[in-house]
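Structural description and commentary
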Amino acid sequence: MSVQPEMNDRTAARVHPELLSAYEALPRVADPYEDIEAARAAFHDMLAAFPADRTGVCSERYGIPRTGGGAPADGGAPTDGGALTVEVYRPVSSVGTATEDTGDPGNANGAGNGLPAVLHFHGGGFALGRALPGQDRVAIELCRALPAVLVTVEYRLAPEHRYPAAVEDCYLALEWVAGRAAELGIDPARIAVAGKSAGGGLSAAVALMARDRGGPELAYQSLCVPDLDDRVGADAAAGTAADAEGALDARVLNGRGVQSSWRHYLPDGTTVAEAYAAPARATELSGLPPAHVLVCDLDPMREAGLAYARRLMDAGVPVTVRNVPGAWHGFELYAPDTRVAKEMTAHWTGQLRAALHPESPAVV
């Protein structure tokens, strides 16, 4: 019989009342890096026990070749050989329309004809979180709700593949999607990147890469509880307000957990992360696509997310910010039926829909 750790009064006072029972039932968080293969297997077993509802959605998997061998010499796409796997989800109603000829020679790239596209980068501390084939719940739900073509990217995982493997994979996927927009039934003027946690950090990094490399132009970046800054949790005495007040115990992600993730993602010996690893390190944020930044009160990455949003605003980038009061990192996985979780998902989805379908009703 396991015994739940006691929750201190400070924590109880900060957790949203509707989430308190879910918080009290949380188990202690194990360090996945103690046995990363076992952690991945357990995650996949959990996914397999609850298959996703694919109603109205179909998908197809593709392999994007990586060429050559070794690290990219010019900061371009990864070149370690093999193929990057992506899965393209689309509404069933759009099947068969991807390569229709409009008869307009000036519209050969499909602009204005196709659906918007979202490259979805999964979370999981850069080390796990990959969905089973055809079972990416976030992608499926967004595909139906937006609607849009959702492209999930099975980027290389740490610690076996450290930075820049994951972000280079994500950028390669963006180039591939933009280059095959007509074939995929995508409007190349409406391509967005989106992700939660590590996926949010990768989304911000890909937006920086696309700007700096003169790559495909992005319409939007959706950063949900993004992991943007390798300095989060580095100094417990100068950590976030939540950590300083002792509100984050071993049942939720805290600063120590964030640091563990960064230690396994960044190359050994890194003292200052590059901006494509930790976008909060970027010195210039002008010229980036409009952004939505969502943070949670009891998330150790909250302050870094808010600081990044403010810097985007100061650089002239249109930004919408949302804070979820009394919630911890990933709370919606444990309390999906609560009003707080439903409102968070509705807001996140609604902002993305409004960005990609400007004719849709305003989102509050």
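Quick summary incoming for the structure in this document. (Residues numbered from 1 in each chain as written. Predicted model: local features only at pLDDT ≥ 70, side-chain atom pairs only at ≥ 80, totals over all residues. Heavy atoms only, no water.)

**Digging into the pairing of strand S4 (residues 149-153)**
Filter applied, for reference: The cut-offs for exposure are 20% and 50% of the maximum accessible area for each residue type, with area from a 1.4 Å probe on protein chains only; residues under the lower value are buried, those over the upper are exposed, and the others partly exposed. Every helix listed is a DSSP run of H or I at least four residues long, and every strand listed is a run of E at least two residues long, numbered separately from the N terminus. At least two DSSP bridges between two strands are required for those strands to pair. By convention a crossover is right-handed if, when the strands point away from the viewer, the path from the first strand over the helix to the second runs clockwise.
Of all five residues that make up S4, five are buried, and the element is covered over most of its length. Every second residue of S4 is oriented toward a common face, with Val-149, Val-151 and Val-153 on one face and Leu-150 and Thr-152 on the other, all of them buried. Sheet analysis places strand S2 (residues 83-91) next to S4, joined by four bridges and oriented antiparallel. Bridge pairing links Tyr-89 to Leu-150 in S4. Strand direction decides the pairing type here: strand S3 (residues 115-121) and S4, joined by four bridges, are parallel. In the strand pairing of S4, Ala-117 is matched with Val-149. In this view, the connection linking S3 to its parallel neighbour S4 by way of helix H4 (residues 137-145) has right-handed handedness.

**Observations concerning the environment of Leu-146**
For clarity, the threshold we go by: We call two residues in contact when some of their heavy atoms are within 4.5 Å.
Mapped onto the fold, Leu-146 is located in the loop between H4 and S4. Separated by 210 residues in the primary sequence, Leu-146 and Leu-356 have C-alpha atoms spaced 8.1 Å apart. In contact with Leu-146, not counting residues within four places along its chain, are Val-118, Thr-349, Leu-352, Arg-353, Leu-356 and His-357.

**Section: the nonpolar core**
We count it as follows: For our purposes a nonpolar core is just a set of buried Ala, Val, Leu, Ile, Met, Phe, Trp, Tyr and Cys residues, chained together by side-chain atoms within 4.5 Å.
Ranked by size, the top nonpolar core spans 66 residues in total, and within it Val-86, Leu-119, Phe-121, Val-153, Leu-202, Tyr-265 and Tyr-308 carry the most contacts. If near-sequence neighbours (up to four positions away) are discounted, Val-86 is found in contact with Glu-60, Arg-61, Tyr-62, Ile-64, Val-151, Thr-152, Val-153, Ala-173 and Trp-176. With 36 residues, the next largest nonpolar core counts Val-57, Leu-146, Val-225 and Ala-335 among its residues.

**A closer look at empty space enclosed by the protein**
Applied cut-off: Put plainly, a pocket is an open set of points on a 1 Å grid over the protein atoms alone with protein on both sides within 12 Å along at least five of seven lines, a cavity is a set where a 1.4 Å probe fits but cannot get out, and a lining residue has an atom within 4 Å of a point. Grid points are joined across faces, edges and corners, and a volume is the space filled by probe spheres set on the points. Residues are grouped as follows: Ala, Val, Leu, Ile, Met, Phe, Trp, Tyr, Cys and Pro are nonpolar; Asp, Glu, Lys and Arg are charged; all remaining types, including Gly, are polar.
Enumeration over the complete set of coordinates arrives at two cavities of 30 Å³ or more. When its volume is computed, the largest cavity comes out at roughly 90 Å³. Looking at the largest cavity, the residues that line it are Arg-61, Glu-87, Tyr-89, His-120, His-122, Arg-130, Ala-131, Leu-132, Asp-136, Thr-152, Val-153 and Glu-154. At the level of elements, S2 and S4 are the ones that each hand at least two residues to the lining of the largest cavity. Counted by class, the lining of the largest cavity contains four nonpolar, three polar and five charged residues.

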